[in-house]
Amino acid sequence: MKKTLDFCRTSLNFTFRKKVGRSLFIEIGGKSETIHLSQVKIQTSTSSGRINVLVFDADDNDHKSTLTKVNAKEKELSLKFDKVFLFPDDKSQGNLESLLKSSVTSGNEKLFACIEAYASCKTALNLKNPRPIDEKEKLWIYHGSFENSGNSHATKRIYLDPGIWDLNSPILIPLKDFLRKFFG
Amino acid sequence: MGDTSKHLTYFKVENFKRFESFEMRDLGQFNLIVGDNNVGKTSVLEALLVCEPAWVFVNRLFVALSYRKIKKQFAYGDVEFYLNKTSSDNNKIQNKISFDSHFSDATKQTIFLEFENDKRYIAVRGIPNDSTGYSMHDRVSVNTFFNTPFIPFFKGHDQDLNQFYSQLQKNRSQKKNFIKCLNTIVPDLEDIELSIPASFNGYNDTIEPALIVSQKNIDSTLPLAMFGDGILKLFRLLAEIVLNNGTRLMIDEIDTGIYFNRFRGFWKVILQTAKDNDVQLFMTTHNEECIKYFKEVLEMDLPDLQKDVRSITLVENKKTKLVTAHTYNFEQFEHALAVGNEVRA
């Protein structure tokens, strides 16, 4: 979820011209099963009087069932999430990667054809212990294809380059509207 | 395995300093307390001085108060300083502080400290047959030399260490082990003896023995007091840990005076010595590197102690100003540091 955190910080910086310190974010991992590891940190945040905003991947579940799962975890661990936003747009299935894939800079989409071809070619080679190229991996191959993109590694990516990502994409409007309530 | 039956598992204090009510849950043997400035970390350490008998408790509070160096405002070192006076409701201001302790042997104890003119009444509840016993303490009968298990951040070398070392050096293996621990900070330190400094010319008969250090490959000796803050700090900490065998010790700003790349060795020695002596530690820090090495030494060198470790964050609510404590177990603490979540706030 480090990439989610970095992406949200970038969005805040881009949209609201606000640099929000790392200490105001809590990284909880990508699975609801690991939220307990951040239980104390979330409770501390609540006690300090802060509003806890949860940003999470909806993944393959529909919006309602993911919310139900989050609410159950909230109750189980005595947590308080004041507001929840589920990637990609707080209503569809998906995750940060599906949001990003819809936000690639116009004209760059054709690069994915090359990446698909590379993935197919690699599979055909029947290599011993090949690293699989899933949908997420394809996205980061795209990102790493550009100079000064940071590294293609999740923790070092730079999202602000308009030559790579279109942060004005309409797909990002629900996220921006959500964040505006707290940072706008 | 020694006696850890009187280690705290839960602690609550009411009407103490800034706390109308404050509690810490799930305490371990090694408790690292963190939090913003002025959130009350030092006050928590002072509250943890609670003990029986009454005169020892009041004596401890008096000594702790003297460390605060606020004698101008409290000319008599009056421990009434610790009474909460911040309540917005004047009718709520009481003349009584209460301390609730739960111990690892499942026993509980409540101690009240009441103020009435120049007398301090201490009531203890939870003693056999659940009766309440009272005793009285007059503030003028205080012994400032009595052992107080609280180390303020500035305290290093002092004459009380001579007394400690004179006892320790009677046992050769204990002394050898002690020197080995100090080598963590000063690798060339070879020996420490209690004697007259080598530079003493014999004309001053009021001079007292001092702790004298011998170093490898150096003929002359030096008084311990001439060494840097790190060695003095470690000497003090190890001495107090041994002195407080089987009980608890409170250490304010434990990182003060320790160079960053000595932290790993420092933590290893402190935690292992506390474990060997069954001492429950409550330590405060602001220092990020100190916290990082605390985790690292428990991962790399002392994994068996992880289950006894807690990190406790004190946080103040911006609106209500109430302070609460949040206890991380080692797994949660380790996770927070690994992913970059701030444990200090």
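Below you will find a few notes about this structure. (Residues numbered from 1 in each chain as written. Chains lettered and ligands numbered in written order. Predicted model: local features only at pLDDT ≥ 70, side-chain atom pairs only at ≥ 80, totals over all residues. Heavy atoms only, no water.)

1. Notes on the overall build of chain A
At step 1: In terms of helices and strands, chain A carries seven helices and two strands.
At step 2: The helix and strand sequence of chain A, counted from the amino end, reads α-α-β-α-β-α-α-α-α.
At step 3: Taking all contacts inside chain A whose residues are at least 6 apart in sequence as the whole, residues at least 24 apart take part in 64%.
At step 4: For chain A, the accessible area works out to roughly 9,700 Å², and carbon and sulfur atoms hold 53% of it. (Helix = DSSP H or I, 4+ residues; strand = E, 2+ residues; numbered from the N terminus. Contact = heavy atoms within 4.5 Å. Areas by Shrake-Rupley, 256 points an atom, 1.4 Å probe, with all protein chains shown as cover.)

2. Here we look at the nonpolar core
Residue and element names in this part refer to chain B.
At step 1: F235, W267, L271 and L281 are the most contacted members of the largest nonpolar core, which totals 57 residues.
At step 2: Per element, the largest residue contribution to this core is eight residues, and it comes from helix α5 (residues 229-243).
At step 3: Among the nonpolar cores identified, the runner-up in size contains 43 residues, and F16, L65, I111 and I312 belong to it. (Core = buried A, V, L, I, M, F, W, Y, C linked by side-chain atoms within 4.5 Å. Buried < 20%, exposed > 50% of the residue type's maximum accessible area, 1.4 Å probe, protein only.)

3. Things to note about the pairing of strand β14 (residues 309-316) of chain B
All names here are of chain B.
At step 1: Counted residue by residue, β14 has seven buried out of eight residues, so it is predominantly covered.
At step 2: The pairing of strand β3 (residues 30-35) with β14 spans six bridges and is classified as parallel. Considered in β14, the bridge of G35 is made with L314.
At step 3: Pairing analysis gives seven bridges linking β14 to strand β15 (residues 323-329), with the strands arranged antiparallel. Bridge pairing in β15 links V315 to T324.
At step 4: Hairpin remark: β14 followed by β15, antiparallel, with six residues in the connecting loop; positive phi at K321, about 70°. (Pairing = 2+ DSSP bridges.)

4. Side note on the interface of chain A and chain B
At step 1: Across the boundary between the two partners, chain A contributes 18 residues, which contact 17 residues of chain B.
At step 2: Taking both partners together, chain A and chain B bury about 1,500 Å²; carbon and sulfur atoms supply 52% of that area.
At step 3: Broken down residue by residue, the surface that chain A buries against chain B is led by L37, V40 and K41 of chain A, which jointly contribute 36%.
At step 4: The tally of links from chain A across to chain B stands at zero salt bridges.
At step 5: Connecting chain A to chain B are ten residue pairs in polar contact (both at pLDDT 80 or more). (Buried area = accessible area lost by both parts, 1.4 Å probe. Salt bridge = Lys/Arg side-chain N within 4 Å of Asp/Glu carboxyl O. Polar contact = N/O pair within 3.5 Å; in protein donor to acceptor, adjacent residues only side chain to side chain.)

5. What about the sheet that holds β3 of chain B?
At step 1: Strand order in the open sheet formed by six strands is β8-β12-β13-β3-β14-β15 (chain B), with mixed pairing between adjacent strands. Looking at the sheet topology across the chains shown, the edges are occupied by β8 (150-151) and β15 of chain B.
At step 2: The pairing of strand β12 (residues 248-251) of chain B with strand β13 (residues 280-284) of chain B spans four bridges and is classified as parallel. Looking at β13 of chain B, one finds that M250 of chain B is bridged to F282 of chain B.
At step 3: Across the sheet, helix α2 (residues 39-47) of chain A lies against β14 and β15 of chain B, angled at about 175° from β15 of chain B, the strand it touches most.
At step 4: Contacts between α5 of chain B and the sheet are confined to β8, β12 and β13 of chain B, with β12 of chain B contributing the most and set at about 160° to the helix. (Axes fitted to C-alpha atoms, helices over the stretch in contact; angles between N-to-C directions.)

6. Some details on the packing of helix α4 (residues 172-182) of chain B against α5 of chain B
Residues and elements named next belong to chain B.
At step 1: Contact geometry for α4 and α5: axes closest at 10 Å, N-to-C directions at 140°. The orientation of α4 relative to α5 falls into the category oblique. Between α4 and α5 lies a crossing whose hand is right-handed. For the pair α4 and α5, contact is made by Q174, F178, C181 and L182 and by I231, L234, F235, L238, A239 and V242, respectively.
At step 2: Tallied by class, residues from the contact of α4 with α5 come to nine nonpolar, one polar and no charged. (Parallel < 35°, antiparallel > 145°, perpendicular 65-115°, else oblique. Left-handed = near helix turned anticlockwise from the far one by under 90°. Nonpolar A, V, L, I, M, F, W, Y, C, P; charged D, E, K, R; others polar.)

7. Overview of the sheet that holds strand β10 (residues 210-215) of chain B
Residue and element names in this part refer to chain B.
At step 1: If you trace the three strands from one edge of the open sheet to the other, you get β9-β10-β11, paired in antiparallel fashion. The open sheet is flanked by β9 (189-195) and β11 (222-223), the only strands paired with a single partner.
At step 2: Two strands pair when backbone bridges link them, and β9 and β10 are joined in this way by six bridges, in the antiparallel orientation. Each residue of the ladder has a partner; that of S195, found in β10, is A210.

8. Describing helix α6 (residues 263-276) of chain B
Residues and elements named next belong to chain B.
At step 1: The end-to-end C-alpha distance of α6, which contains 14 residues, comes to 20 Å, matching closely the 20 Å that a straight helix rising 1.5 Å per residue would cover.
At step 2: Residues of α6 that are buried: F263, F266, W267, V269, I270, L271, T273 and A274.
At step 3: Next to the buried residues of α6 lie β3, α4, α5, β13 and α7 (288-300).
At step 4: At the exit of α6 stands D278, carrying a positive phi of roughly 55°. (Expected span 1.5 Å × (residues − 1).)

9. Focus: unusual backbone geometry
At step 1: In this structure, P88 of chain A follows F87 of chain A across a cis peptide bond, with omega equal to 10°.
At step 2: The residue P88 of chain A is located in the loop between β2 (83-87) and α4 (96-101) in this model.
At step 3: For N38 of chain B, which is not a glycine, the phi torsion comes out positive at approximately 65°.
At step 4: Mapped onto the elements of the fold, N38 of chain B is located in the loop between β3 and α1 (41-47).
At step 5: Despite not being glycine, K321 of chain B shows a phi value in the positive range, around 70°.
At step 6: Within the fold, K321 of chain B resides in the loop between β14 and β15.

10. Focus on the pairing of β10 of chain B
All names here are of chain B.
At step 1: Most of β10 is tucked away: six of the six residues are buried.
At step 2: Summarising the sheet, β10 and β11 pair through two bridges and their orientation is antiparallel. Among the inter-strand pairings, I212 is bridged to a residue of β11, identified as P223.
At step 3: What sits between the antiparallel neighbours β10 and β11 is a turn of six residues, in which N217 has the positive phi angle 65°.

11. Brief notes about the pattern of salt bridges
At step 1: Per the counting criterion, the structure on display carries 22 salt bridges over all chains.
At step 2: Between K73 of chain A and E76 of chain A there is a salt bridge, with its nearest N and O atoms 3.4 Å apart. Here K73 of chain A and its partner E76 of chain A are both found in helix α3 (residues 63-76), three residues apart, which amounts to about one turn of the helix.
At step 3: Its salt-bridge partner being E296 of chain B, residue R264 of chain B comes within 3.5 Å of it at the nearest N-O pair. With R264 of chain B in helix α6 and E296 of chain B in helix α7, this residue pair connects regions lying 32 residues apart in the sequence.
At step 4: Residue classification places E296 of chain B among the partly exposed residues on the basis of a relative accessible area of 23%.

12. Some details on the environment of D6 of chain A
At step 1: Note on placement: D6 of chain A falls in helix α1 (residues 2-16).
At step 2: When the C-alpha positions of D6 of chain A and F25 of chain A are compared, they lie 9.7 Å apart, and in sequence the two are 19 residues distant.

The values reported here are purely geometric and, on their own, carry no functional implication.
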